[in-house]
Amino acid sequence: MTLLDNPLLAQFIPEARDLLEQAGSSLLELERRPGDPVVMNALFRAVHTLKGTSGLFEIAPVTRSLHAMEDLLGAAQAGRVMLTPALADVVLDTLDQTGRWVDSLASDGLLGGDAGAIAETLVHRLAELMGTKTKDAAAGLFLAPPPDWLARAGALPTDGLLAVTYTPDAHCFFRGEDPLGLVRQLPGLIWMDVEPLASWPDLEALDPYHSNLRYLALARCLPAEAAELFRYVPDQVCLAPLAGGAATRESEVWRAILAAQLRLLDAAPSPDPVAPGRLAAARAVARRALTTAGRPASLPEDVAGLRAALRAMLAPQESPTPIPPMPAADSMRVVAPAMLRVEQGKVDVLMNLIGELVVAKNALAWLARRAAEDELPPRQLAREIKDRHALFNRIAEDMQAAIMSVRMLPVDHVFQRFPRLVRDIARRLGKQVELHLDGTETEADKTVIEAMADPLIHMVRNSLDHGIEAPAERQAAGKPEHGILRLTAQQENDHVVIRVSDDGRGLDAVALRAKAVEKGLLEAERAATMTEEEAFHLIFLPGFSTAAAISDLSGRGVGMDVVRSTIERAGGRVRLSSRKGEGTTVEVALPLSMAITRIMTVACGERLFGVPMALVVETVRVPRRLVRRIGRSDVFVLRDRVVPLLRLSRLLDLPDPAGPQPEEEAILVVRLNGERLGIVVSTFQEVMETIVKPLEGVLVGLQGVTGTTLLGDGRVLLVLDLPELVGLCP
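Residues numbered from 1 in each chain as written. Predicted model: local features only at pLDDT ≥ 70, side-chain atom pairs only at ≥ 80, totals over all residues. Heavy atoms only, no water.

Our next topic: the overall build of the protein chain. Across its full length, the protein chain carries 22 helices and 22 strands. Counting over 730 residues, the protein chain shows a buried share of 41%. Restricting to contacts in the protein chain with at least 6 residues of sequence separation, those with at least 24 account for 69%. Entry remark: accessible area of the protein chain is about 39200 Å², with carbon and sulfur atoms responsible for 55%. (Helix = DSSP H or I, 4+ residues; strand = E, 2+ residues; numbered from the N terminus. Buried < 20%, exposed > 50% of the residue type's maximum accessible area, 1.4 Å probe, protein only. Contact = heavy atoms within 4.5 Å. Areas by Shrake-Rupley, 256 points an atom, 1.4 Å probe, with all protein chains shown as cover.)

Next comes the structure, spelled out in structure tokens:
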């Protein structure tokens, strides 16, 4: 059983991500405005809230790390600790790790086997910044002999366990304490019980705010870990480490159970008529035995994997053997549902439209009844049907606009990660950079927002690594020490435009041409005739880089190439402008929505295919005599520019259309990788808006096809992925 079975987890995941973003933003803001009480309170409040909500789940490493971070921030808030870059680094590392744990919870409901060790390291680092050591927390605690109540735990293993007796103060509820929540945060908690401190009074005399309970627990953790958890109530808790070797009998019991399951699997005949039931029974019994023994684990779901796991656990050893991970089974993978927060007003609009749709449907039934009873002459019936069609068409368009608005997110959703990214990279490079974010309220479709994240990260890293100079170089050039990196967003017609600009050294067209020739990406004659703007776009060539050495930031020549191909695959475009010594601006334009796609249908013989309109520049008809051959390629001249030609039938490996050759070629001019390319088709058909469904089943992975959609007559139309299709062309 994982936390995915807990219905509260679906609410916790987005809330946790929001709180992590708030905490990270507040910390970065606090670095710019040290001592600002409002920002400090916001940071503390976000961490405190996240720690509190994490206590609802069995994720003690998360809660413990956040608790330690809360202590450190509390000390900083009280002025006992200075907020230094080193402290900010540790806090950001803790937030990052918490984010990874949240992602892991959303993926499979688990934190991972090393969560406890990671949390221990983080807590130690946070405690060091406060001038304390985590192990010191246990120094003042009384370690008692095994308590009398231990027998109540039943046949549980006791080796390596810690018995915890917690007697909270009778007035603890008035101080906002949560004794049960505190005990449930014990690392490795395997058993818990409560007992009354005194006999219960009559119901009329019972004070619900008076604590009358003692909490008893067994946990597989160190005294120092429990001491850290109960450090605010050390006088109310008693810890008793249990001696090792006392539970050899229990250990022998669960090992015997596992051995019996292994024999059950080994005794299976071939073929085994009850193989699924045998596997399920052995796996369920083994899992329950391990859970009872305080060693819960995920077991493989195949016979061979389960046999191997059982043999590994039964092998003589001094320390527990890690159980092999379960084989990947994407089809059986369960993940937390994705959440999308929507304004109440947008849902209300959609609800009103649904109401109109229901009324329109009822009117259609009434019209059909009148037509069946011959109450309407044919001309009037046609007019009524036309009116109803207009009504349905208006409602459909309004519903499309309403549902599109539900999917709209502000660009800030992707911009908010850059303050942290810029800070960390600038520190590593020894540069001083001010980040300016403008137009963060600009909205675009959720898919578009997600599609632009990785390209923007590449562009920002390039600006920081190649564009903005080091402080000394900037001073020598007469610039301020601080470089300016600006991200702006704005809506232009039906596109969202993002610009990444810096005031760095800019691009050197001469150096770019020379590097392209040196790398064999360009002939010297062609380089000599290139304009400055064309030379700037050389950075989008695959394998092109001006970096002298390869680092984890740049130098491999794949970043900007991936940026352009990703943007164009999403139906967008990239432009670049630069002035040497003054800076560079990269502009990305993406459609506001990718949910509705405009496609042009084209024919190849008798077959129809769809091409995204975002790639189409124009359609032309060219006499066959004007199609020339240069080398092994066909070309034609379009407004004094030579455009290469490819035939769609060759790209799709289809036979050439039968019948006489037409006197004119129908050419679809598209823009791929910044260059124009002509695609010869049989005929052009209609342009339409549609929802493209991704390929499913055995068709997943089919190259050269983006997805499918339905035509008005019910036929399935394949929508081509031209960049991939052309890339496959020899």
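Now, onward.
Sheet strands pair by backbone hydrogen bonding; their relative direction is either parallel or antiparallel. Strand order in this open sheet of six strands is β14-β18-β19-β17-β16-β15, and the pairing throughout is mixed. With partners counted over all chains shown, the strands left at the sheet margins are β14 (616-623) and β15 (628-630), one partner each. Taken over all neighbouring pairs, the strand axes of this sheet differ in orientation by 40° on average, direction set aside. (Pairing = 2+ DSSP bridges. Axes fitted to C-alpha atoms, helices over the stretch in contact; angles between N-to-C directions.)

Residues annotated in UniProt with the feature "modified residue: Phosphohistidine" (unreviewed entry) correspond here to His48. Mapped onto the fold, His48 is located in helix α2 (residues 37-54). (UniProt positions renumbered as here; feature names shortened; annotations may be inferred.)

Remark: helix α1 (residues 9-32) packs on α2, axes separated minimally by 8 Å, with the N-to-C direction vectors making an angle of 155°. By the angle class used here, α1 and α2 are roughly antiparallel. Of the two elements, α1 crosses α2, and the hand of that crossing is left-handed. On α2, the residues touching Phe12, Ala16, Leu19, Leu20, Gln22, Ala23, Ser26, Leu27, Glu29 and Leu30 of α1 are Val39, Met40, Ala42, Leu43, Ala46, Val47, Thr49, Leu50, Thr53 and Ser54. (Parallel < 35°, antiparallel > 145°, perpendicular 65-115°, else oblique. Left-handed = near helix turned anticlockwise from the far one by under 90°.)

Here the focus is the sheet that holds strand β3 (residues 213-219). Pairing is antiparallel in the open sheet, where four strands are placed in the order β2-β3-β1-β4. The sheet is open, and its two edges are formed by β2 (189-196) and β4 (237-241), each paired on a single side. Adjacent strand axes in the sheet meet at a mean angle of 15°, parallel and antiparallel pairs treated alike.

Moving on, we get to helix α10 (residues 303-314). With 12 residues, α10 extends 16 Å from end C-alpha to end C-alpha; this agrees with the ideal 16 Å at 1.5 Å per step. Turning to α10, its buried residues are Gly305, Leu306, Ala309, Leu310, Met313 and Leu314. The buried residues of α10 occupy an angular sector of 160° when projected down its axis, which confines them to one face. (Expected span 1.5 Å × (residues − 1). Arc of directions from axis to C-beta.)

Our focus in this paragraph is the pattern of salt bridges. Scanning all chains against the criterion turns up 38 salt bridges. The salt bridge involving Arg575 is made with Glu587; its shortest N-O contact spans 4.0 Å. Highlighted residues: Arg575 in strand β10 (residues 573-579) and Glu587 in strand β11 (residues 583-591), separated in sequence by 12 residues. Residue classification places Glu587 among the buried residues on the basis of a relative accessible area of 13%. Residues Arg579 and Glu582 are paired through a salt bridge, measuring 3.2 Å at the closest nitrogen-oxygen approach. Overall, Glu582 belongs to the partly exposed group, its relative accessible area being 49%. (Salt bridge = Lys/Arg side-chain N within 4 Å of Asp/Glu carboxyl O.)

For the structure shown, the criterion picks out three aromatic pairs. Here the aromatic residues Tyr166, Tyr215 and Phe230 are joined through ring pairs into a cluster of three or more. (Phe/Tyr/Trp six-rings, centres within 6.5 Å; stacked < 30°, edge-to-face > 60°.)

This part is about unusual backbone geometry. Across residues other than glycine, the phi torsion is negative in most instances, and most of the peptide bonds are trans. Positioned with a positive phi, Arg639 is a non-glycine residue whose angle comes to about 50°. When you line up the elements, Arg639 lands in the loop between β16 (633-638) and β17 (641-647). Positive phi, normally seen in glycine, also occurs at Asp640, with a value near 65°. If you trace the backbone, Asp640 turns up in the loop between β16 and β17. Classification of Asp640 by relative accessible area gives exposed; the value is 77%.

Bridge count for strand β13 (residues 607-612) against strand β22 (residues 716-720) is two bridges, and the pairing is parallel. Paired with Phe609 across the bridge in β22 is Leu718. Two strands pair when backbone bridges link them, and strand β21 (residues 705-710) and β22 are joined in this way by five bridges, in the antiparallel orientation. Looking at the pairing, Val705 lines up with Leu720 of β22. Between β21 and β22, which pair antiparallel and follow one another directly, the connecting turn spans five residues, one of which, Gly714, has a positive phi of 95°.

The subject of this paragraph is a nonpolar patch on the surface. Nonpolar side chains collect at one region of the surface, where Trp200, Leu203 and Leu206 lie side by side and expose about 350 Å² of accessible area between them. One can find Leu206 in the loop between β2 and β3. Note on Leu206: relative accessible area 37%, which makes it partly exposed. (Patch = residues over 30% accessible without salt bridge, like charges linked within 9 Å, V, L, I, M, F, W, Y side chains within 5 Å.)

Another point: helix α15 (residues 446-467). When the terminal C-alpha atoms of α15 are compared, their 30 Å separation across 22 residues agrees well with the 32 Å that a helix rising 1.5 Å per residue should span. Considering bend angle alone, the principal kink of α15 is centred on Ala453 and spans about 30°; proline Pro455 follows within four residues of it. Listed as buried for α15 are Val448, Ile449, Met452, Ala453, Pro455, Leu456, Met459, Val460, Ser463, Leu464, Asp465 and Gly467. (Bend = angle between axes of the 7 residues up to and from the residue.)

Time to look at the nonpolar core. Judged by nonpolar contacts, the single largest core of 48 residues is most densely connected at Phe415, Leu456, Leu485 and Val496. When residues of this core are assigned to their parent elements, the largest contribution, eight residues, is made by α15. Contacts of Val496, omitting those with residues within four sequence positions, involve Val411, Thr442, Ala444, Val448, Met452, Gln490, Val588, Ala589, Leu590, Pro591 and Leu592. The next biggest cluster of nonpolar side chains, apart from the first, holds 43 residues, and it includes Leu30, Ala68, Ala76 and Leu105. (Core = buried A, V, L, I, M, F, W, Y, C linked by side-chain atoms within 4.5 Å.)

What follows covers the side chain of Thr709. The residue Thr709 is located in strand β21 in this model. Reaching out from Thr709, the side chain makes a polar contact with the side chain of Thr690 at a distance of 2.3 Å. Setting aside residues no more than four positions away along its own chain, Thr709 makes contact with Ile599, Thr690, Ile691, Arg715, Val716, Leu717 and Val719. (Polar contact = N/O pair within 3.5 Å; in protein donor to acceptor, adjacent residues only side chain to side chain.)

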